[in-house]
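Single-letter residue listing:
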Protein chains: 2
Amino acid sequence: MLLYRMTATEFLSSGLKVEDYVRSLLDHISARDSEVQAWAYLDKEYVLSQARQLDTIPPEKRGPLHGVPVGVKDIYYTKVNKESLIDMPTQHNSPLYQDDAANVNVDAALIMLLKSAGALIFGKTTTTEFASVTTGTISKNPHNPTRTPGGSSSGSGAAVGDLQVPVALGTQTIGSIIRPASFNGIFGFKPTWGAISREGVKICALNFDTMGFFARSIEDLELLADAARLEDDEKPIVPSTIEGMKFAACKTHVWPQAGPGTINALDLAVKLLRAQGASVEELELPEEFASVRQSHLQAFECDARSTFMNEYIRAKDQLDPILVGFVENPTKLSHRDHLNALDNLAQLRPKFDLIASRYDAIVTPSAVDEAPEGLASTGNAALCATWTALHTPVVNVPGFVGENGLPIGLSLVAPRYHDRRLLKVAAAVAPVFEGGGWKSSL
Amino acid sequence: MLLYRMTATEFLSSGLKVEDYVRSLLDHISARDSEVQAWAYLDKEYVLSQARQLDTIPPEKRGPLHGVPVGVKDIYYTKVNKESLIDMPTQHNSPLYQDDAANVNVDAALIMLLKSAGALIFGKTTTTEFASVTTGTISKNPHNPTRTPGGSSSGSGAAVGDLQVPVALGTQTIGSIIRPASFNGIFGFKPTWGAISREGVKICALNFDTMGFFARSIEDLELLADAARLEDDEKPIVPSTIEGMKFAACKTHVWPQAGPGTINALDLAVKLLRAQGASVEELELPEEFASVRQSHLQAFECDARSTFMNEYIRAKDQLDPILVGFVENPTKLSHRDHLNALDNLAQLRPKFDLIASRYDAIVTPSAVDEAPEGLASTGNAALCATWTALHTPVVNVPGFVGENGLPIGLSLVAPRYHDRRLLKVAAAVAPVFEGGGWKSSL
């Protein structure tokens, strides 16, 4: 097995030196980077020096993520490494922050937690501008470079999908983890809103921004969840197979936007689950949930208004027109609209938790379809946005395939703060979804 | 008039050089600093160099806050000044962040907005550790140095109260602006939660942390609100006197904790308002609002758990025991408790807005009483916490006096996003509350 193909879990149990694993990843990146362009910042010498340093740590002092390379979306602050004095800038894909790069020099809380566990902060992955728009990323889908890898966590999704790092960090405000996870044929995990501190991560919309992860196995997501100290109220006890489990297939009120690939995937998923002895109900959310989409978008835009006021005042000519629009507010969204939207979502959340608590997980689309043609847009987030608005945990499980042979994933959803239980359920579901017909050629 | 006594508004209309105003403030600080100890970081040479630089800006290029010195609570990130290469560290009153001080080098969004308006970032004011506890601040009440200035925005409250700067920044998660404003005999303004971006301010409890201001006049609060781009849905039209205005006096469900000074202040305020032709109803909040206090404290503690996980994992021996407790959670608060608390407060907010919309403002206590004796604790925040939990704007208006001659303020409260209207009402109320019997001897 080529070393770079290893998951983090496989590497950790391999006994390999960090440097050997990292060299394999860096060689693979050298071969692939011009096609995929997943990195906003990557200093190979820095990575190697970190790897060598980690290799000097005696085994009894090594952390649970010892030497695991982590790609970091370029809106998480990352600090100068004191030993090497090499800088890892944070630039938000914004011209406003390019001169200042060397000064933005603090580690996000999640970066510190991962470093404490021994992880190797590998480099910064591309994002759309401030993770707040659907254009402007240079990254390409590793399964077909004429197509988008999704966004806004574009580089994290593409890098993990292309075996350039085993795991990576993303953020999701509408659909910025689950959509690229689906497009790149990998697992994506958006935990409960607020479960992981957002300290040191540029704000897009405060009421929705959620820290999360990409990986190529549920075991790797479990490792990251451990490092982030995610815990449910009760330690989950979940069988390792889905026989007897209870699922709901939920199309949500945005289902009319689903394309043929997603329609087929959900249909096939229900059959696969039932064939393995699980029950699957069709779940139609109560009519009041039809308002989620509009409330989410309105609250997002209004949140973003105060977020980008600062950059707007300083240099609006250097801001994406969409961000200028959030501040200038041409549709005249009022504070009243903002509050109505926030209050509406807040009252829906406990209602949804109650519905979701009747199932082991809700199965629902991750994206409209396979990754669309072209690089101009990172695609439509409508089909995964509901769960961001409702603050629930979501896992994208790959396995299905679109008309053009590209991957399609489906989401598993659980009530808020049932993150670890959801990962266990996803571990049981993942091998079943492998029957969905997609196989990576990478 | 001694220059340091000027408010920001008075300075701006004076035609004085920034350097002259700043020298007067610095001289005053030299005389008073050993008694008040409001500053976590103050570099007089840096301040003077900034003042001189501001004086070179031609009048037509000056911002609306040109040269206005702003004290900054030491949980707002502040950046190296490129010209002087002098560092303004951010240390959160935590030993964990003292070595790293030079590396934490980014400006908070509000700092950038104030700089864009021409403000002079004067220095960092003291805070309790991470603005999250009620102990450990060195600052003293300028009106009586054996007493606390309150907290956690201790230095900002004390510095403005002691005429060391005209205005300062604070944050409030429970009662960290309104309480010190009351204790120091000044105006404090906690805007609607989320109205000002929290980018670059250390998190305590994400669902409650609110950026706000201290000043010695409502005009100065208006200047700061302009710079922060606070706007209501409608431009407020409020008479300059209170005749015919409609107020409610609200004791809230925590009123049994009120001391004699606050009981007298609220009683006197009602009389003063009525004597000037305003109507004042007694408002008793519906019984379900009795849950606000417990929901707020539970949600605060649970929010703080994910906040301090990072510092706890890295060095729990360097954390205040209260913060260790948030993470270790000895009272076994569950995620279920957290969600119940958040969901309960969320459903109360629109109900409170509706009640508050019947009045020009609700008049309610700011603190239990005058600043208590001693410096060990920054005092009890119970009487101003309700409005933090409900996300409403609050202004502390000084004017009343306690049994020991120290100041007591009262709060004016309005529905969410009626911030500018509330400031206008406060401007009409402030001269009335001057009849409350307190006069600063400073």
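Here the residue index of a chain counts from 1 through its sequence in written order. Each chain gets a letter, beginning with A, and each ligand a number, beginning with 1, in the order they are written. A pLDDT threshold of at least 70 governs which residues receive local features in this predicted model, and a stricter bar of 80 or more applies before side-chain atom pairs are shown or counted, although totals over entire chains, interfaces and linings include all residues. Side-chain descriptors were evaluated using all non-hydrogen atoms of the structure, hydrogens and water having been removed beforehand.

- An unreviewed UniProt entry annotates chain A as Amidase domain-containing protein of Mycena sanguinolenta.

## Quick look at the pattern of salt bridges
Step number 1: Salt bridges are identified by distance alone: a Lys or Arg side-chain nitrogen within 4 Å of an Asp or Glu carboxyl oxygen. Summed over the entire model, instances satisfying the criterion amount to 44 salt bridges over all chains.
Step number 2: A salt bridge links A:Lys351 to A:Glu288; the nearest nitrogen and oxygen atoms lie 3.1 Å apart. With a gap of 63 residues between them, A:Lys351 in helix H11 (residues 335-356) and A:Glu288 in the loop between strand E8 (279-283) and helix H9 (292-315) connect regions that are remote in the sequence.
Step number 3: The salt bridge partner of B:Lys316 is B:Glu328, with a shortest N-O separation of 3.2 Å. Put simply, DSSP H or I for four residues or longer makes a helix, DSSP E for two residues or longer makes a strand, and each gets a number counted from the N terminus.

## A word on the sheet that holds strand E1 (residues 39-41) of chain B
Residue and element names in this part refer to chain B.
Step number 1: By the convention used here, strands pair only if DSSP detects at least 2 bridges between them. On the basis of which strands lie adjacent, the open sheet formed by eleven strands has the order E1-E3-E2-E4-E6-E5-E10-E11-E9-E7-E8 and mixed pairing. Both edges of this open sheet fall to E1 and strand E8 (279-283), since each of them pairs with a single strand only. Sheet twist, expressed as the mean angle between neighbouring strand axes with direction ignored, is 35°.
Step number 2: The pairing of strand E7 (residues 246-250) with E8 spans five bridges and is parallel. The residue of E8 that forms the bridge with Cys250 is Leu283.
Step number 3: By definition in these notes, contact holds between two residues if any of their heavy atoms fall within 4.5 Å. Angles shown run from 0 to 180 degrees and are taken between the N-to-C directions of axes, each axis being a line fitted to C-alpha atoms and, for helices, limited to the stretch in contact. Relative to the sheet, helix H2 (residues 18-36) contacts E1, strand E2 (69-73) and strand E3 (120-125), its axis offset from that of E3 by approximately 15°.

## As for the interface of chain A and chain B
Step number 1: Listed as interface residues are 46 residues of chain A and, on the opposing side, 46 residues of chain B.
Step number 2: In this assembly, chain A and chain B are joined by six salt bridges.
Step number 3: With its nearest N and O atoms 3.5 Å apart, the salt bridge here joins A:Glu199 to B:Lys202.
Step number 4: Two N or O atoms count as a polar contact when they lie within 3.5 Å, although within protein this holds only if one can serve as hydrogen donor and the other as acceptor, and sequence-adjacent residues are included solely when both atoms are side-chain atoms. For the pair chain A and chain B, the interface holds twelve residue pairs in polar contact (both at pLDDT 80 or more).
Step number 5: Secondary-structure elements contributing two or more residues to the side of chain A that touches chain B are helix H4 (109-116), H9 and H11 of chain A.
Step number 6: Looking at the side of chain A that touches chain B element by element, the count peaks at eight residues for H11(A).

## Considerations on the domain arrangement of chain A
All names here are of chain A.
Step number 1: Here chain A is described as being made up of domain 1 (3-227) and domain 2 (246-291 + 338-436).
Step number 2: Of the residues lining the interface, 45 residues belong to domain 1; the matching set on domain 2 comes to 47 residues.
Step number 3: Across the interface of domain 1 and domain 2, roughly 3600 Å² is buried in total on both sides, 60% from carbon and sulfur atoms.
Step number 4: With a shortest N-O distance of 3.6 Å, Glu222 and Lys424 are connected by a salt bridge.
Step number 5: Connecting domain 1 to domain 2 are 21 residue pairs in polar contact (both at pLDDT 80 or more).
Step number 6: Contributions of two or more residues to the side of domain 1 that touches domain 2 are made by helix H6 (178-184), strand E5 (187-190) and helix H7 (218-227). Domain start and end points were adopted from an automatic or database domain assignment. By buried area we mean how much accessible surface two parts lose on assembly, using a 1.4 Å probe and totalling the loss over both.

## As for the packing of aromatic side chains
Residue and element names in this part refer to chain A.
Step number 1: Pairs were defined over the aromatic rings of Phe, Tyr and Trp, the Trp ring being its six-membered one, requiring ring centres within 6.5 Å. Orientation was assigned from the angle between planes: stacked under 30 degrees, edge-to-face over 60, tilted for the rest. Taken as a whole and judged by the stated rule, the model has 16 aromatic pairs over all chains.
Step number 2: Note on Phe130 and Phe308: the rings are 5.3 Å apart at their centroids and 50° apart in plane angle, and the pair reads as tilted. Of this pair, Phe130 sits in the loop between strand E3 (120-125) and helix H5 (154-161) while Phe308 sits in helix H9, and the two are 178 residues apart along the sequence.
Step number 3: With a 1.4 Å probe rolled over the protein chains alone, any residue whose accessible area is under 20% of its type maximum counts as buried; one over 50% counts as exposed, and the rest are partly exposed. Residue classification places Phe130 among the buried positions, given a relative accessible area of 0%.
Step number 4: Taken together, the ring pairs in this structure connect Phe289, Phe352 and Trp387 into an aromatic cluster.

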